[in-house]
Amino acid sequence: MKQMDLFKHVTSAYTSASDGVLTNDALYRAVAERAGIDLKDMEATIPVGKAGTQRSPIKRAVRWFQQDLRAAGVIEKVPDARGVWRLTEAAGRKLTKSLASVKMVAFSTNLGVAIWGSNEAVFPHSSEPIMLAISSPPYPLRCTRAYGNVNEQEYVDFVVRSLEPVVKNLAPEGSVVLNVSQDIFQNRSPARSTYNERLVLAICDRLGLHLMDRFVWHNASKPPGPIQWASKERVQVNVAYEPIYWFAVDPLRVNANNQRVLQPHTARHAALIARGGEQREGVFSDGAYRIKHGSFGSPTAGAIPRNVLSLGHQCADSAAHRRHARELGFTTHGAPFPSSIPSFFIRFLTDIGQLVVDMFAGTHKSALVAERLERRWMTTENVLDYIRPSAELFRGFPGFEINPGLEQVRGA
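Throughout, a residue's number is its position along its own chain's written sequence, starting from 1. Local features are withheld for residues below a pLDDT of 70 in this predicted model, meaning they are given only at 70 or higher, and side-chain atom pairs are given and counted only at 80 or more; totals for whole chains, interfaces and linings count all residues. Side-chain metrics rest on all non-hydrogen atoms present in the structure, leaving aside hydrogens and water.

## A word on the sheet that holds strand S1 (residues 21-23)
Note on sheets: strands pair through backbone hydrogen bonds, and any given pair is parallel or antiparallel. For two strands to count as paired, DSSP must find a minimum of two bridges between them. The helix count covers DSSP runs of H or I at least four residues long, the strand count covers runs of E at least two residues long, and both are numbered beginning at the N terminus. Spatial strand order, S1-S5-S4: three strands in an open sheet with antiparallel pairing. This sheet does not close on itself; its edge strands, each paired only once, are S1 and strand S4 (75-77). Sheet twist, expressed as the mean angle between neighbouring strand axes with direction ignored, is 30°. Sheet topology places S1 next to strand S5 (residues 84-87); three bridges connect them, and they run antiparallel. Between N-to-C directions, angles span 0 to 180 degrees; the directions come from axes that are lines fitted to C-alpha atoms, helices contributing only their stretch in contact.

## Quick look at the side chain of Gln66
Positionally, Gln66 belongs in helix H4 (residues 57-71). Whether two residues are in contact is decided by their heavy atoms, any of which lying within 4.5 Å being enough. Those residues in contact with Gln66, other than ones at most four positions away along the chain, are Val10, Tyr14, Asn24, Leu27, Ile75 and Trp85.

## As for the sheet that holds strand S16 (residues 376-381)
Ordered by their spatial adjacency, 10 strands build an open sheet running S14-S10-S11-S9-S8-S15-S16-S7-S6-S17, and the pairing between neighbours is mixed. Looking at which strands have only one partner, the edges of the open sheet turn out to be strand S14 (308-310) and strand S17 (401-402). Here four bridges tie strand S15 (residues 355-358) to S16, and the two strands are oriented parallel to one another. Pairing of Val356 across the sheet is with Trp377, part of S16. Strands strand S8 (130-135), strand S9 (170-179) and S15 of the sheet are contacted by helix H7 (residues 152-168), whose axis makes an angle of about 155° with S9.

## Quick look at a nonpolar patch on the surface
Together, Phe284, Tyr289 and Phe296 make up an exposed nonpolar region whose accessible area comes to about 300 Å². Here Phe284 shows up in strand S12 (residues 282-284). Note on Phe284: relative accessible area 34%, which makes it partly exposed. Within the patch definition used here, like charges are joined within 9 Å and nonpolar side chains (Val, Leu, Ile, Met, Phe, Trp, Tyr) within 5 Å, considering only residues with over 30% relative accessible area and no salt bridge. Each accessible area value is a Shrake-Rupley result obtained with a 1.4 Å probe; residue values ignore everything except the protein chains displayed when judging cover. When a carboxyl oxygen of Asp or Glu is within 4 Å of a side-chain nitrogen of Lys or Arg, the pair counts as a salt bridge. The rule is simple: take the accessible area with a 1.4 Å probe, protein chains only, and divide by the maximum for that residue type; under 20% is buried, over 50% is exposed, in between is partly exposed.

## What to know about the pattern of salt bridges
By the definition in use, this model includes 13 salt bridges. Note that Lys59 and Glu43 form a salt bridge whose closest N and O atoms lie 3.0 Å from each other. Taken together, the residues Lys59 in helix H4 and Glu43 in helix H3 (residues 39-43) connect sequence positions 16 residues apart. A salt bridge links Arg206 to Asp157; the nearest nitrogen and oxygen atoms lie 3.0 Å apart.

## A closer look at the layout of surface pockets
Of the two site types, the cavity is a set of points on a 1 Å grid over the protein atoms alone where a 1.4 Å probe fits but cannot get out, and the pocket is an open set with protein on both sides within 12 Å along at least five of seven lines, each lined by residues with an atom within 4 Å of a point. Grid points are joined across faces, edges and corners, and a volume is the space filled by probe spheres set on the points. In this structure, the second largest pocket spans a volume of roughly 540 Å³. The wall of the second largest pocket is formed by 16 residues, among which His265, His269, Phe296, Ala303 and Arg306 lie closest to the centre. Its residues assigned to classes, the lining of the second largest pocket shows six nonpolar, six polar and four charged. For this classification, the nonpolar set comprises Ala, Val, Leu, Ile, Met, Phe, Trp, Tyr, Cys and Pro, the charged set comprises Asp, Glu, Lys and Arg, and every other residue, Gly included, is treated as polar.

## Examining the side chain of Ser162
Structurally, Ser162 can be placed in helix H7. Owing to a relative accessible area of 0%, Ser162 belongs among the buried residues under this scheme. Of note is the side chain of Ser162, whose polar atom sits 2.9 Å from the backbone oxygen of Phe158. Once residues lying within four places of it in the same chain are set aside, the contact partners of Ser162 are Asn119, Glu120 and Phe360. Any pair of N or O atoms that falls within 3.5 Å is considered a polar contact. Within protein, one atom must be able to donate a hydrogen and the other to accept it, and sequence-neighbouring residues count only if both atoms are side-chain atoms.

## Some thoughts on the pairing of strand S10 (residues 210-218)
Looking at chain direction, S10 and strand S11 (residues 241-248) are connected through eight bridges and run antiparallel. Bridging across to S11, His210 finds its partner in Ala248. Sheet topology places S10 next to S14; three bridges connect them, and they run parallel. The residue of S14 that forms the bridge with Val216 is Val308.

## What about the packing of aromatic side chains?
A pair of Phe, Tyr and Trp rings is counted when the ring centres sit within 6.5 Å of each other, with Trp represented by its six-membered ring. The angle between the planes then sorts it: under 30 degrees is stacked, over 60 is edge-to-face, the rest tilted. Inspection of every chain in the model, using the stated rule, returns 15 aromatic pairs. With centroids separated by 5.2 Å and ring planes inclined at 65°, the aromatic side chains of Trp246 and Phe348 adopt a geometry described as edge-to-face. Of the two residues, Trp246 sits in strand S11 while Phe348 sits in helix H12 (residues 340-349), which places them 102 residues apart along the sequence. Summarising the burial analysis for this pair, Trp246 and Phe348 share the class buried. Centroid distance Phe344 to Phe345: 5.1 Å. Interplanar angle 85°. Geometry classified as edge-to-face.

Right, here's the structure in full:
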């Protein structure tokens, strides 16, 4: 998990060079030194193409990554100088989204690794058993946010395609947890979209997962909406929750244990336990519900949670991420995931040492919680404006390393 991609060494060579300028020969030497490659191996050639031209495969890889940096606006050719490239002045501002071909370690700890790149470019090449995949994919909004959105018509295919390589690596006891939006409406209509229902069916039918539960994330601090239909036309009410779907590979083997997420007893329930339970007897609902003397009197470690999670969207980790983003000159995330959501599901569905992944990491709350709870983790995120400030949240954890090339990048 801590092995750096060759792309990192190419990036680091430019950011560490005097004035950010390197000839190709200097680039090869710098990469060889950083990657621990013998110069003889760097110069070694093999036949390439139909003509069998002798080329160095390592040098070719370095040049490919060099062109990725050029396409991303990070480096530019020095005019009138053959084989000489330099950092652009706007490197930090333009190094925003990863190219489809680029995947590189952004930062890591002893427990996990954050990869700058698309989930579809990374997870097909991973083979380690995953116990929990938890994520909040970009919502299918009509007004695109900075992090990018897929429209409603493409959304189901987009999510299923993103999940497919992850599901292939799920442990038999593994789970998938997805937070999606409740605020999607039919075009010019107060009628709600049925994309959530179609998404659930597609995940079950096409990926073979089983729906375990539909959690309600009740957010009392959620801004009023939908503005058009609730505040203006008055034909809807304000939305106060978002759905969270829990899927399992095998419902009979799933690694779920509600004792890991017990909640404190209410004062009323604690008093009931203290007096030895119910002091009455009764039969209700035609025998469906019975109360016996002493019921609910046994002391327990806590109450079993309900599938309605009343949690606000604000958290200290989100505030810290925004602060780091501002300090580094990056755009702040418009829809941060609060740490309380992944905290509940990681404790509920995993044990210490098991692997948790997030395919759309954003502000990396799932990874941060996994780190604190001693779970191993792996994330992908293709927007550098989000992944670079996230690294600051992990400083101080054992084994923390940040890609030297990214550490020096600043936003606008």
